Amino acid sequence: MTSLLRPALILTLGTLLAGCFNESDSSQDREGRIHLAMLQPPRSGLTPLSDDAFKLSRWRTAETLIVLDAAGDAQPGLATRWEPLKNHAWRLTLRQGVRFHDGTPLNAAAVVNALSTAAAYAPKPRILDGVDLQVRADGDNAVIVSTATADPLLPQRLSSPQLAILSQAAYGEKGIINPLNAGSGPFVLKRINGTSGATLDRNADYWGNKAQAAGIDVSFVPDGTARAAALRTGTADIVEAIPVSQVALLDPAMVHEVPMPRTNTLYLNSKTGPFHDAGLRAAVRNAVNRQQLVDNVYEKRADVAQGLLGPALPWAAQLRQPVSEPTPARAPQGQTITLATFSDRAELPEVAVYLAQQLTAAGFTVKQVVREYAQIEADALAGKFDAFILSRATVLDSGDPVAYLYSDFSCKGSFNIAQLCRPAIDRALEQAASLPAGTARRKAIVAAEQLILASDAAIPLLHERVIQGENPQLHGALRDPRERMLIDEATVLVPTRHE
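**Q** Explain the overall build of the protein to me, please; I cannot follow it from the model alone.
**A** In terms of helices and strands, the protein carries 14 helices and 19 strands. Its C-alpha atoms give the protein a radius of gyration of 23 Å, within 12% of the compact-globule value 23 Å for 499 residues. Expressed along its principal axes, the backbone C-alpha trace of the protein runs to roughly 65 × 65 × 40 Å. Here the protein, with 499 residues, has 55% of them falling under the buried criterion. Relative to all contacts within the protein whose residues are 6 or more apart in sequence, the contacts with residues 24 or more apart total 70%. Surface accessibility of the protein: about 20700 Å² in total, with carbon and sulfur atoms responsible for 51%. Computed over 48 positive and 51 negative side-chain charges, the separation of the two mean positions in the protein equals 4 Å.

This is the structure we're talking about:
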C-alpha cells in the first residue's frame, strides 16, 4: 500500500513546495535563473561570522582574500600575493580593480574593517578559535595580518567563508552585519526573505568572468522529501542533501554522490550527568553497532568510522593507531539518558532510533529529543543533553582539521558539545597547530585525535557521502567536498533542444 501511494505523495509535496520558493518565482522570468533548494535556513541572519557564511560562499556573492584548490593549497582570491614577515605576521597584496556590489572599492581599509570585526566578534567565528588576530593597513593596497603566536596555516585560515570581506557599509551597530548588496562576487544578494528564501542577480561589473546565469533563486527547504520532490517536479535545478530514502524515486541522471569530509558523531556530555562517568561512556562505545547504521539507514552510501577523520583525508587512516588501554565499560543498570539530534538531515532521526535500540539493549533507558537544528543548537552547546548526534564537517573552515578539533574538543572550543576539557588534548592540539603543513603536522593531528577517542566523549559513527541533486539541463554545478562552492560564474541552464 505504501509503495502505491508514494508517487502521489511526492507529486503532492512538489505542488506544495511551489509555495515554499521565494516570491521571485512568479515575478521574474524563469529562463536563465537557477533555482536552488537548500537544506537549512539561515541561523544568524546571514552574517558571515557564523555558519551562514557558507551560504554566501556557495552563492558566490561574498569572497575571501584566499581560496583553496582541490588539494587544499592556498590560491589567490581578493589577495593576489602573501608573504610571511617577522613577528608572526603576513603581508597580503590586494587585487586591484575590485568593487563591492554597492560600488565602493576593495582597499586596505575595507579589509581591516572586516577582519578586525571578525577578530573582536562574540562569539568568535569558529575559524578564529584560539587565534589572537590583528590586522593593519600597509598603504591602500596591502594589509599586514599578525597573530600572537606563529600560525603557519594563516593563508588557509583566511580562505574560510567566515572571513569573507564585505563593504564597510555592511557592518552596523551592535554587531549587526547586513550582506545585502555588500559582497564582491559574480552574484549580488538582492533580497532575503527571512528563513524562506533569497534572491541574487548577476553582477554585471564583476572583476572576473561574468556569470552566465541571470541569477539565483534560493529556497530553504528543511524537509528532505520535499527537496527531492522539488528536483523531481522541476521546481528546483540544484538540491542540497537528498535523503538516501529518496534516491530510488529520482532519475539516476539527477543524482550525484559527493564524498564528504563529514563525520556522523555521537557526542557524550562528559562534564555533567551520567556520562561524567568514564565507564558509562565506555559502555556506549562498546554498544554502538556502526555497520547496522550504514546498512539500514544510509543503504550502504556511507563508510563505517574508525576515527573522527574519514576517507576524505586518507592520510589519517594510514597514521592512526588503535587506542591503547581503552577505559573498561561499566554496566549501565538501567541508567536513564537523553539522546538528542535534529531533523534537518533526514537520516539523523533514524540514526537516533537505531542507537536508542542499541543502547537499550546494552542496559540504558533512553529518552529521545528531535527538533529542527535552529531550535536545538543552543541547548546542545549548553550541555542540556546527555548524548547528541551531529553530522559534522571536519575540514570545513581551513582545509585542515585542526580548527574543527580545537572548536569541538578543546577547553575553550566554541562548539564543544561534549563539554570536554583535558589539558593533554589542548597541548596536543597546540602542538599540531604550531607545525607547518606536511607529515609532521599530520602525525600531530592523529595523535590529538587518539587522545579524543580515548576519552570516549565523542563516538564516531560513520562518514557521510552527501547526495546532490541536479537538473540534467544544468551544466557546471560544483560538487565540493568542503561545501564552500556550489554555483559559480560558469554554472548555467542549457534547455534541451527538440529537433
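Text resumes after the structure shown.
**Q** Could you clarify how one ought to interpret the sheet that holds strand E7 (residues 142-147) in this entry?
**A** Sheet strands pair by backbone hydrogen bonding; their relative direction is either parallel or antiparallel. Strand order in the open sheet made by the four strands is E4-E5-E7-E6, with antiparallel pairing throughout. Each edge of the open sheet carries a strand with a single partner, namely strand E4 (79-84) and strand E6 (133-137). When the angles between neighbouring strand axes are averaged without regard to direction, this sheet yields 20°. Its contacts with the sheet put helix H4 (residues 108-120) on strand E5 (89-94), E6 and E7, and the angle it makes with E6 is roughly 165°.

**Q** Looking at this structure, how should I read the packing of aromatic side chains?
**A** The description of an aromatic ring pair uses the distance of the two centres, along with the angle that the planes make with each other. Overall, the coordinates contain eight aromatic pairs when judged by the stated rule. Aromatic pair Trp-59 and Phe-220: ring centres 6.3 Å apart, planes at 35°, arrangement tilted. Of this pair, Trp-59 sits in the loop between helix H3 (53-58) and strand E2 (66-68) while Phe-220 sits in strand E10 (residues 215-220), and the two are 161 residues apart along the sequence. Judged by relative accessible area, Trp-59 falls into the buried class, the value being 0%. Judged by its relative accessible area of 6%, Phe-220 falls in the buried class.

**Q** Could you clarify how one ought to interpret helix H7 (residues 278-287) in this entry?
**A** Note: α-helices contain 3.6 residues per turn, so residues at a spacing of three or four share the same orientation. Here H7 lies mainly inside the structure; seven of its ten residues are buried. Along H7, the residues that are buried comprise Gly-279, Leu-280, Arg-281, Ala-282, Ala-283, Val-284 and Ala-287. For H7, the elements touching its buried residues are strand E12 (255-268), helix H10 (347-361), helix H14 (439-455) and strand E17 (458-470). Here H7 starts with a cap whose side-chain oxygen sits 2.7 Å from the backbone nitrogen of Gly-279, and that cap is Asp-277.

**Q** Help me out: how do you make sense of the pairing of strand E16 (residues 387-393) in this one?
**A** The two faces of a sheet get side chains in turn, since along a regular strand they alternate between them. When you tally the buried positions in E16, you get seven out of seven residues, the bulk of the element. A two-sided burial pattern is seen for E16, the buried positions comprising Ala-387, Ile-389, Ser-391 and Ala-393 on one face and Phe-388, Leu-390 and Arg-392 on the other. When E12 meets E16, the two strands line up antiparallel, connected through seven bridges. For Thr-265, the partnering residue across the bridge sits in E16 and is Leu-390.

**Q** Where do I start with the state of the cysteines in this structure?
**A** Simply put, disulfide is the name for a covalent bond between the sulfur atoms of two cysteines. Considering all chains together, one arrives at one disulfide under this definition. One disulfide bridge connects Cys-411 with Cys-421, the sulfur atoms lying 2.0 Å from each other. When the S-S torsion is 95°, as for the bridge of Cys-411 with Cys-421, the disulfide is right-handed. Taken together, the positions of Cys-411 in the loop between helix H12 (402-409) and helix H13 (423-433) and Cys-421 in the loop between H12 and H13 put the pair ten residues apart, joining distant regions of the chain. Here Cys-421 falls in the partly exposed class, since its relative accessible area comes to 46%.

**Q** So what exactly am I meant to see when it comes to the pairing of strand E8 (residues 187-193) here?
**A** Judged from the six bridges that link them, E8 and strand E9 (residues 197-202) form a sheet pairing that is antiparallel. Opposite Asn-193, over in E9, you have Gly-197 as the bridge partner. Between the end of E8 and the start of E9, which pair antiparallel, lie three residues, with Gly-194 showing a positive phi angle near 55°.

**Q** Whenever I open this one, the packing of H13 against H14 confuses me. Can you help?
**A** Angle between the axes and distance between the axes: these two values describe a pair of packed helices. Contact geometry of H13 with H14 gives a least axis separation of 8 Å together with a crossing angle of 165°. The angle between H13 and H14 falls in the class roughly antiparallel. Taken as a pair, H13 and H14 cross one another with a handedness that is left-handed. For the pair H13 and H14, the contacting residues are Ala-424, Ile-425, Ala-428, Leu-429, Gln-431, Ala-432 and Ala-433 in the first and Arg-441, Ala-444, Ile-445, Ala-448, Leu-451 and Ile-452 in the second. By residue class, the composition of the contact of H13 with H14 is eleven nonpolar, one polar and one charged.

Criteria and cut-off values
Residues numbered from 1 in each chain as written. Predicted model: local features only at pLDDT ≥ 70, side-chain atom pairs only at ≥ 80, totals over all residues. Heavy atoms only, no water. Helix = DSSP H or I, 4+ residues; strand = E, 2+ residues; numbered from the N terminus. Rg over C-alpha atoms; globule rule 2.2 N^0.38 Å. Buried < 20%, exposed > 50% of the residue type's maximum accessible area, 1.4 Å probe, protein only. Contact = heavy atoms within 4.5 Å. Areas by Shrake-Rupley, 256 points an atom, 1.4 Å probe, with all protein chains shown as cover. Lys, Arg positive; Asp, Glu negative; His and termini not counted. Charge placed at Lys NZ, Arg CZ, Asp CG, Glu CD. Pairing = 2+ DSSP bridges. Axes fitted to C-alpha atoms, helices over the stretch in contact; angles between N-to-C directions. Phe/Tyr/Trp six-rings, centres within 6.5 Å; stacked < 30°, edge-to-face > 60°. Polar contact = N/O pair within 3.5 Å; in protein donor to acceptor, adjacent residues only side chain to side chain. Disulfide = S-S within 2.5 Å. Parallel < 35°, antiparallel > 145°, perpendicular 65-115°, else oblique. Left-handed = near helix turned anticlockwise from the far one by under 90°. Nonpolar A, V, L, I, M, F, W, Y, C, P; charged D, E, K, R; others polar.

Remember that the coordinates give geometry; whether it matters functionally is a separate question.
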